[in-house]
Amino acid sequence: MVTLYEGGAYLVNGTELIPDGTDALTAVENRTGVKTSKEEAAKGTMAYHILSSHNTSGNMENLQIKFDKLTSHDITFVGILQTARASGLEKFPVPYVLTNCHNSLCAVGGTINEDDHVFGLSCAKKYGGIYVPPHQAVIHQFAREVLAAGGAMILGSDSHTRYGALGTMAVGEGGPEIVKQLLEQTYDIPMPGVVAVHLTGKPEKGVGPQDIALAIIGAVFKNGYVNNKVMEFVGEGIDNLSVDYRIGVDVMTTETTCLSSIWRTDSAVKDFYDIHGRSDDYKELNPEKVAYYDGVVEVDLSTIKPMIAMPFHPSNTYTIEELNANLEDILRDVEKKALVSLDNNQIDFTLTDKIHDGRLYVEQGVIAGCAGGGFENLCDAADILRGKTIGTDEFSLSVYPASQPIFMELVKNGAIADLMQTGATVRTAFCGPCFGAGDVPSNKGLSIRHSTRNFPNREGSKVTNGQIASVALMDARSIAATAANKGYLMAATDVDVNFTKPKYYFDKTIYENRVFNGVGKADPSVEIKFGPNIVDWPKMHALTEDVLLKVVSMIHDPVTTTDELIPSGETSSYRSNPLGLAEFTLSRKDPAYVGKAKEVQKVEKARIAGTDIYEQDAKLREIYDTIREKFDVVPEKTEVGSVIFAVKPGDGSAREQAASCQRVLGGMANIAREYATKRYRSNLINWGMLPFVFDGELPFDKDDYIFVKDIKKAIETKNDSIKAYVVNQGMKEMEFHLGNLTDDEREIILKGCLINYNKKD
């Protein structure tokens, strides 16, 4: 199905791969007549050309990227705009789209969701942006329909910012990176590796884009094969995929932990731009005659079977055929693995109870969002379900078209009526089912979804309240087949169906009649409208010479997601209130965290105020006495903060709040074996936190104090090796590393956060 090369390879003439080796360059020259080197051939990728055209550093080893366009949604744009305003924002320098697709149905706290929307519209008017009202489109579908352009780069404050199938390199990052672009600063990264995804063959009838995506994720996630690299899709297999199909594969590349993606473009992509009235935005993209890739993911599309990603990660993949043939064994294995993610012995998590008469029964199906809500997915699902019923038992099916233009075309061609006649319900464009704010199953329920993630609680259940439900990811076609089978798991390849493949017609008047477009028309006279929940960021302070850290949480899971650091779902409504949201930090992983962090923060507040710190923590006197046995230390000039340890934190969402919530509670650092994604590490840095990495046996535990001597000097002098001491363990010495930091990142940490870095004197 999917094969990974052990090393790099040369792609010649856009089709043939030559593995790197002693005679590789000779073989390249024999086939192409081109005499080259690995270094020169690496410049032949599509990714290299796009990155070089957006790089402002003059040095392709260390990039400083300026993006063409920006996009955010209503969970992220309030915090971004508040940060940018505090940093001196006057107008948006490039088109910036504010969509409202996350908090549009999540009614928590009264008016606060709609207050955020009104705030966003007033900012779009004042600073010259685009505002997409609730229910019009999910963020990524609007970007595909309106923003994407061949050879362009888009930065979005959502992890699934991926438009590579349309020839656009898109990156999902935390909010502070959007702020930098709004302030005409740059996105600074080392030149990423580029991995070819070489597609051959043609998918079997009934196999959908989610099946291809899950097969790839299952092959590359655990080994980090494409981590922080660009996935470049090439090969003749692309010709056998519609553009909607390519988009469905592309959006899921986020779950591989890659940095971005880009695809070869062709006449089918040109037709997409023509249909959307943007013919001039099409650009033909191909690798050069010789292109070198750091790795290759070889995918024979004809061998991919309908897939399912079992709880609790998109990489926990099986074929549906394999699962149905080995139900009890696989489900018991999934239950066992789940204990690591749930980390709560009070939760009775079972899946084997879903076996009814030898078949797997699920209670819910959902086809939604940027991955599932596309036109072709829903048309194919309607073809499978036409004339059938989902039944009157527990199983339910809900469908969310990704935009109003898609919804209207499905109404016109009859697909919506076909779906509704089965008993399925059809909703407006909304991302809620993907992050736990819509279609929450019953306790112990299992939901199959064509959406992007199936992390714990991603479906909306609350482990700390004794609840647990779970999501398995599947393609829309197999979800429809299961629905037609009244909730019993079934692959779409086992259904006799005629896919009608109706043509898509895009009606731009829907957006012209409703979307505010203020690009190039900033109006400084507009007054920003604030709701009572929209609160400024609290003041952050500059780093001191030495720091004292208290370990307030230890997370030993192999990977910690951003959902576990700060929950999604209904808590999303509080994301305009930094202190209000911070109350939920680690609430589903370590409920004691917030209280412990606040106790440490009391000490730091007393230090800043010049009052007695020992009144806040009686142990501190003994701690400082121990430190003084080795170093001169001045408690009044030593910042005190909390720190968490996690093995590999930051998988998943781009949400900056995973870091900022720690920071507003007095967090000063994370200690990790490694960081799951660049975006989470960037969020830590932009909020002035130290992204420590530690190898070896852990010499500290929860409630221990760690003293870091001369941390400010180490950052100023670019010293990666940081000595630290576990005070409670007799000043036991250990060594932290900070990894590669740009000069700007060092200055941000020194000043305390990005806001302080940009603040004008």
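Our subject is the structure that appears above.
Now for a quick tour of the structure. Because the structure is predicted, anything quoted here is derived from the model rather than measured.

1. Here's the deal with the environment of asparagine 517
For asparagine 517, the location among the structural elements is in strand E25 (residues 516–517). A relative accessible area of 42% places asparagine 517 in the partly exposed class. In this structure the C-alpha to C-alpha distance between asparagine 517 and glycine 129, which are 388 residues apart in sequence, comes to 6.3 Å. Residues in contact with asparagine 517, not counting those within four places in the same chain, are Gly129 and Ile130. Looking at asparagine 517, its side chain comes within polar contact range of the main-chain nitrogen of valine 519, at 3.1 Å.

2. Quick look at the pattern of salt bridges
All told, the structure shown has 37 salt bridges when counted by the stated rule. The partner of aspartate 563 in a salt bridge is arginine 458, and the shortest N-O contact between them spans 2.5 Å. Here arginine 458 lies in the loop between strand E23 (446–450) and strand E24 (470–473) and aspartate 563 lies in helix H20 (residues 562–565), a separation of 105 residues in the sequence. For aspartate 563, a relative accessible area of 4% puts it in the buried group.

3. What to know about the packing of aromatic side chains
Within the structure shown, the criterion is met by 23 aromatic pairs. Taken together, a centroid distance of 4.9 Å and an interplanar angle of 50 degrees make the contact between phenylalanine 375 and tyrosine 504 tilted. With phenylalanine 375 in helix H14 (residues 375–385) and tyrosine 504 in the loop between helix H18 (476–484) and helix H19 (509–512), this pair connects stretches of sequence that are 129 residues apart. Taken as a pair, phenylalanine 375 and tyrosine 504 share a single burial class, namely buried. Among the aromatic side chains, those forming a connected cluster through ring pairs are Phe645, Phe692, Phe694, Phe700 and Phe736. Taking NZ or CZ as reference, arginine 359 lies 3.8 Å from the ring centre of tyrosine 488, over its face. Cation over ring: arginine 621 sits above tyrosine 614, and NZ or CZ is 4.1 Å from the ring centre.

4. Quick look at the sheet that holds strand E5 (residues 69–72)
With respect to topology, six strands assemble into an open sheet ordered E9-E8-E5-E6-E7-E25, the strand pairing being mixed. One side of each edge strand has no neighbouring strand; the edge strands of this open sheet are strand E9 (169–172) and E25. As judged from the four bridges shared by strand E8 (residues 153–156) and E9, these two strands associate in the parallel manner. Bridged to methionine 153 within E9 is methionine 169. Against the sheet, helix H6 (residues 139–147) makes contact with E5, strand E6 (96–99), strand E7 (130–132) and E8, and its axis sits at roughly 155 degrees relative to E5, the strand it touches most.

5. As for the side chain of threonine 99
Within the element layout of this structure, threonine 99 appears in strand E6. For threonine 99, the residues in contact, after removing those within four places along its chain, are Ser72, His73, Asp74, Phe77, Val132 and Ile139.

The rules behind these values
Residues numbered from 1 in each chain as written. Predicted model: local features only at pLDDT ≥ 70, side-chain atom pairs only at ≥ 80, totals over all residues. Heavy atoms only, no water. Helix = DSSP H or I, 4+ residues; strand = E, 2+ residues; numbered from the N terminus. Buried < 20%, exposed > 50% of the residue type's maximum accessible area, 1.4 Å probe, protein only. Contact = heavy atoms within 4.5 Å. Polar contact = N/O pair within 3.5 Å; in protein donor to acceptor, adjacent residues only side chain to side chain. Salt bridge = Lys/Arg side-chain N within 4 Å of Asp/Glu carboxyl O. Phe/Tyr/Trp six-rings, centres within 6.5 Å; stacked < 30°, edge-to-face > 60°. Lys NZ or Arg CZ within 6 Å of the ring centre and 35° of its normal. Pairing = 2+ DSSP bridges. Axes fitted to C-alpha atoms, helices over the stretch in contact; angles between N-to-C directions.

As far as function goes, none of this settles anything; it's purely spatial.
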